[in-house]
Every structure is written in C-alpha cells, then in structure tokens.
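Now for the letters of each chain:
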Amino acid sequence: MEKLVVVGGTKLEGEVTVSGSKNSILPIMAATLLCDGEAVIHRVPRLKDVLVMQQLLEFLGAKTKMEDKTMIIDARGVKPEKVTEILMRKLRASNLVIGPLLARFGEVQAAYPGGCAIGSRPMDLHVRGFQKLGVQVKEKYGYIEAKAKKIVGADIHLDFPSVGATENLMMAAALGSGTTILRNVAREPEILDLQNFLNLMGAKVSGAGLDVIKITGVSKLHSAEHEVIPDRIETGTHMVAAALSRGRVTVAKTIPEHVEPVMAKLREAGVTVNQGNDYVEVIAKERPRPIDVKTMPYPGFPTDMQPQIMVLMSIARGTSIVSESIFENRFKHVDELRRLGARIKIEGKIAVINGVPKLNGALVEATDLRAGAALLLAGLVAEDITVIENVHHLDRGYESIEQKYTQLGARVVRVNNGVRS
Ligand code: UD1
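Not measured: the values here are computed from a predicted model. (Residues numbered from 1 in each chain as written. Predicted model: local features only at pLDDT ≥ 70, side-chain atom pairs only at ≥ 80, totals over all residues. Heavy atoms only, no water.)

Examining helix α8 (residues 232–244)
Item 1. Helix length check: α8 (13 residues) gives 18 Å between terminal C-alpha atoms against 18 Å at 1.5 Å per residue, within 8%.
Item 2. Measuring from the side-chain oxygen of the N-cap residue of α8 to the backbone nitrogen of Ile233 gives 2.9 Å; that N-cap residue is Asp231.
Item 3. Backbone geometry just after α8 places Arg246 at a positive phi near 55°. (Helix = DSSP H or I, 4+ residues; strand = E, 2+ residues; numbered from the N terminus. Expected span 1.5 Å × (residues − 1). Polar contact = N/O pair within 3.5 Å; in protein donor to acceptor, adjacent residues only side chain to side chain.)

Structural data, given as structure tokens:
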C-alpha cells in the first residue's frame, strides 16, 4: 500500500503549474462518444480517474492514444456495451457516458454508480431529464436500462443545479432533433468547457455559465481539437497550501476568475492574494484570521475545497464555521484532522473549528480525494512527521502531487510497503 510521508514545517516558495482540469476532461472524454471522427484533446492530466475513463471508452470499442499530454480518441467503432458495476464503481463520473450513448445508439445499460464516501450520489435528476427527452428508463437489479427511438427536444427544469445531470443532458440533446432548454443548470466552468468542445464538434449549444442552456440537436458531430481548462480545485489547493505554510507561491497557468471564492476567503483570513491574467500569487506571514465558509454551487465556495480550507481554519486565531450544503457526508476528514490535533466539532452539516496554534504529525488515512488533499496540506504544516495512508485517493485527482510540492520546498516522499517509490 502506498503512503505519503511528510516532514512538516517548511515554507512553500516558488512557482507551481496547474494541470488540466479533472472535472473537465472526464465529461469531454465521454462527449467524444458522440464524435464521428477523431477527437484530439490537449492538456490532459495523468490521473487515475482519466485512466479509468480511458479504459471505459476502450471497453466500449473506442481507440485511444496518449502522447505526452495529448489524448486522441476515435470512437467510431463504439458499440453500446453494458457498462458493468466494476467500471461504474471505479469512477462515479462514468455515468457521464449514458447521455452520449443514448444520443448515438438510442439505448444504454449501465450499473448505478451507488453511494460513496461523501454521500449517496443519486441519479434521479439525470433520469428525469432523460425521460423528458423521450427516453424510457427502467431500473433493474442495480442497472439503468434506457431506450429511445430518438431523442426529442424538451424543456427541462432541474430541481438542483447538478453538474453531472447538466452535462449528461447537454450531451444527450446534442445529437437528435428539436431544441432542448435546460433550466436551473450548473454554472461551473467545466460546463462551459464541455459546451465549447461540443460546439467544436459541430453541436449547437449556448448559455453555459448562465442558468439556462439551449441545445439544438444536430444529426452528426465531427472531429475536433480542444485544450482542457486548468484545474480550479488544484489551483485552490495550492493557494491554501501556500497560505498554511506562511510562504510565497505563484500558482501559474490558471484562470484566477475560477477561484474567486477561494481568493475572497483567503483575503478575509488575512492572506495576500495577487492575481494576474493567468496566475495567482499567495503570500502569508502569520496565523490566519478565523473565517466562515458555506459550500454552494458555482460561483459559490466549492465543496471540493471544503476539506482543504478547513485545515487553514484549524490553525486560525479563533473559531471558524463550515457549512456543507452540497454533500451530506463530507466531513470524513474531520476525524483524521483531529488526530493531528485539530479541534473540530460536527453538528449535522455544520463544523465548528477552534483554531489551535499548531498541528502535530500523526498516522492518518485519506478517505476520499479531497480529504486526502486536506491531510497532505495539514502534514505540510504539522510539526514532525505525518504519514498518509490510502494515497490512491489523491492520485485520482492530483497529477504529480508530491513532485509539485517538493519543487516548492516541501519534504514529502511516497513509500510503497516501506520502500521509497
Ligand atoms: C461534480 C464533480 C465533483 C463535485 C460536484 C459538486 C465531476 C466529475 N465531479 O460531481 O467533483 O464535488 O460536482 O460540485 O465533475 N444530486 C441528486 N440527484 C442527481 C444528481 C445529483 O440529488 O441526480 C445531488 C448529489 O447527491 C449531490 C448534489 O446533487 O448532493 C451535487 O451533485 P452533482 O452536482 O451532480 O455532482 P457530480 O456531478 O456528481
């Protein structure tokens, strides 16, 4: 089992470059299933989740090739194979192939993604949207069986701006007849990136980034070349790491506008954040002031940054409050942070964090991707040594994470069964 061993206490200094966005590349890879030609995608991060999505596309019959940071996908030979539980459980976002497979073949069978560490993750909004598009959906033995003679345009209002449902419905409606209006959609930057990619393939999609998306179905989509946007959660993670270590770090090749809520909270905590066109610089000199954070759909504070910002609150000069409004069970990192000396109380969806002057190294376990990121950040500032188990969670969403922090001066190594790897 791989672990990260972190010797805390170094100031992070220098520049770190952000990789392509995990949450953009996954729906974009799914969207290549709609393409009657070759899709060339640049700035693809080497992540476990990307590898699993690549395996899923190949299982369905696509040809894929990775050259440096460019992925070439030819989905012309794809067949609507049954997407098994094994694939679905490895990667929740594999449910994003349902929309494109429906649009292309009019049928799909896929296992339900099931619950996960941070919540139950239902698919009711996806399913109701598909039904409005003329799809018949049956749920049998943990599988979704969906069939449609053809996808017909519809007016769909989402009860909640779900990222996955917005993406799945955009892709389902892109190939087909009629016009679809999606209301109360997710406004995350990754939705706009997907819209841009779909339009490069010849789709007619507009409105991404706003509350209403309009899709006029077309009969065919063609080859396209696209570069994925930078990962805003990776950007935010490095920003918090810099603030925690009281260092000075430039987070390069990113889009500052996408991390506005993180910048705002860091400034409130007394951290200096300078921004340029494609970078943010974070400078911190002292213990942060306490802050309150409520997670919200974009452009609110991202739930995917909640565990990381909680580490900053753990060493603040007073009491901070986190209110988690997106996922019902996203406080798994709290027990682990307590092992490092953090003083945190949970009341339902609220966490009350009493800042302590310092954290102390301990043996902790990453329970999910962002919990793992939080523990790594905590380890970077804790006194002595922190060992983080179950590092595979971190590899799902952070490319070369220990190399990036080592470059900034951190002391972190990966060990496998006691041997440095
Ligand atoms: C995406 C991101 C994930 C992020 C999340 C919220 C990807 C690959 N993953 O996940 O990193 O944490 O957005 O920003 O982009 N819900 C329902 N019914 C549905 C769908 C969702 O009740 O049919 C609920 C979920 O249980 C959850 C909330 O809506 O409580 C948000 O989920 P959603 O926006 O769909 O997140 P994902 O697309 O799964």
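Things to note about the site of the ligand
Item 1. In the region of the ligand, 17 residues are neighbours, and Asp124, Leu125, Ser162, Asp304 and Ile326 sit closest.
Item 2. Asp124 places a polar side-chain atom, nitrogen or oxygen, 2.6 Å from a nitrogen atom of the ligand.
Item 3. One nitrogen or oxygen atom from the main chain of Leu125 is found 2.7 Å from an oxygen atom belonging to the ligand.
Item 4. The protein chains hide 83% of the 740 Å² of surface that the ligand would expose on its own.
Item 5. Of all the secondary-structure elements, those providing two or more residues to the shell around the ligand are α5 (124–132) and α6 (163–174).
Item 6. In terms of residue count, α5 provides more of the shell around the ligand than any other element does, three residues in total. (Near = heavy atom within 4 Å. Areas by Shrake-Rupley, 256 points an atom, 1.4 Å probe, with all protein chains shown as cover.)

Some remarks on the layout of surface pockets
Item 1. Roughly 200 Å³ of volume is contained in the second largest pocket.
Item 2. Together, 14 residues line the second largest pocket, and Glu188, Pro189, Leu192, Glu257 and His258 are the ones closest to its centre.
Item 3. Elements with a minimum of two residues in the lining of the second largest pocket: α7 (189–200) and β13 (224–227).
Item 4. Per-element tally for the lining of the second largest pocket: the top contributor is α7, with four residues.
Item 5. A class-by-class count of the residues in the lining of the second largest pocket yields five nonpolar, four polar and five charged. (1 Å grid on protein atoms, 1.4 Å probe; cavity = no way out; pocket = protein on both sides within 12 Å on 5 of 7 lines; lining within 4 Å. Points joined across faces, edges and corners; volume = space filled by probe spheres on them. Nonpolar A, V, L, I, M, F, W, Y, C, P; charged D, E, K, R; others polar.)

Some details on the packing of α5 against α6
Item 1. Where α5 contacts α6, the two axes come as close as 8 Å, and the packing angle between them is 25°. The orientation of α5 relative to α6 falls into the category roughly parallel. α5 and α6 meet at a crossing whose hand is right-handed. Seen from α5, the contacting residues are Leu125, His126, Gly129 and Phe130; seen from α6, they are Gly164, Ala165, Asn168, Leu169 and Ala172.
Item 2. Residue classes in the contact of α5 with α6 are distributed as five nonpolar, four polar and no charged. (Axes fitted to C-alpha atoms, helices over the stretch in contact; angles between N-to-C directions. Parallel < 35°, antiparallel > 145°, perpendicular 65-115°, else oblique. Left-handed = near helix turned anticlockwise from the far one by under 90°. Contact = heavy atoms within 4.5 Å.)

Section: helix α12 (residues 369–381)
Item 1. With 13 residues, α12 extends 19 Å between its outermost C-alpha atoms, agreeing within 8% with the 18 Å of an ideal straight helix rising 1.5 Å per residue.
Item 2. Where burial is concerned, most of α12 is hidden: 13 out of the 13 residues are buried.
Item 3. Its side-chain oxygen 3.2 Å from the backbone nitrogen of Arg370, Asp368 forms the N-cap of α12. (Buried < 20%, exposed > 50% of the residue type's maximum accessible area, 1.4 Å probe, protein only.)

Describing the sheet that holds strand β15 (residues 272–275)
Hydrogen bonds between backbone atoms are what pair the strands of a sheet, whose relative direction is either parallel or antiparallel.
Item 1. The strand order β2-β14-β16-β15 describes an open sheet built from four strands, whose pairing is mixed. The open sheet has two free edges, formed respectively by β2 (13–17) and β15, since each of these has just one partner strand. Neighbour-to-neighbour, the strand axes of the sheet open up by a mean angle of 15°, direction not taken into account.
Item 2. In terms of strand pairing, β15 meets strand β16 (residues 279–283) through four bridges, oriented antiparallel. Counterpart to Thr272 in the pairing with β16 is Ile283.
Item 3. Relative to the sheet, α8 contacts β2, β14 (248–252), β15 and β16, its axis offset from that of β16 by approximately 20°.
Item 4. Relative to the sheet, helix α9 (residues 260–268) contacts β15 and β16, its axis offset from that of β15 by approximately 145°. (Pairing = 2+ DSSP bridges.)

Examining the packing of aromatic side chains
Item 1. Scanning the model with the defined rule gives zero aromatic pairs in all.
Item 2. When the ring centre of Tyr143 is taken as origin, the NZ or CZ atom of Lys82, which lies over that ring, is 4.5 Å away. (Phe/Tyr/Trp six-rings, centres within 6.5 Å; stacked < 30°, edge-to-face > 60°. Lys NZ or Arg CZ within 6 Å of the ring centre and 35° of its normal.)

Regarding the pattern of salt bridges
Item 1. Across all of its chains, the model carries 25 salt bridges by this definition.
Item 2. The shortest N-O distance in the salt bridge between Arg128 and Asp159 comes to 2.9 Å. Taken together, the residues span a long stretch of sequence, with Arg128 in helix α5 and Asp159 in the loop between β9 (155–157) and α6 at a distance of 31 residues.
Item 3. With relative accessibility at 40%, the residue Arg128 sits in the partly exposed group.
Item 4. For Glu145, the salt bridge identified is with Lys140, shortest N-O distance 3.7 Å.
Item 5. A relative accessible area of 21% means that Glu145 is categorised as partly exposed.
Item 6. Shared partners join several salt bridges into a network, and the residues in it are Glu2, Asp395, Glu402 and Arg414. (Salt bridge = Lys/Arg side-chain N within 4 Å of Asp/Glu carboxyl O.)

Details of the packing of helix α1 (residues 22–31) against α7
Item 1. Put simply, α1 and α7 touch, their axes get as near as 9 Å, and they point 30° apart. Taken together, α1 and α7 sit at an angle that is classed as roughly parallel. α7 is crossed by α1, and the crossing has right-handed handedness. Facing α1, whose interface residues are Asn23, Ser24, Pro27, Ile28 and Ala31, α7 presents Glu190, Asp193, Leu194, Phe197 and Leu198.
Item 2. Partitioning the contact of α1 with α7 into residue classes produces six nonpolar, two polar and two charged.

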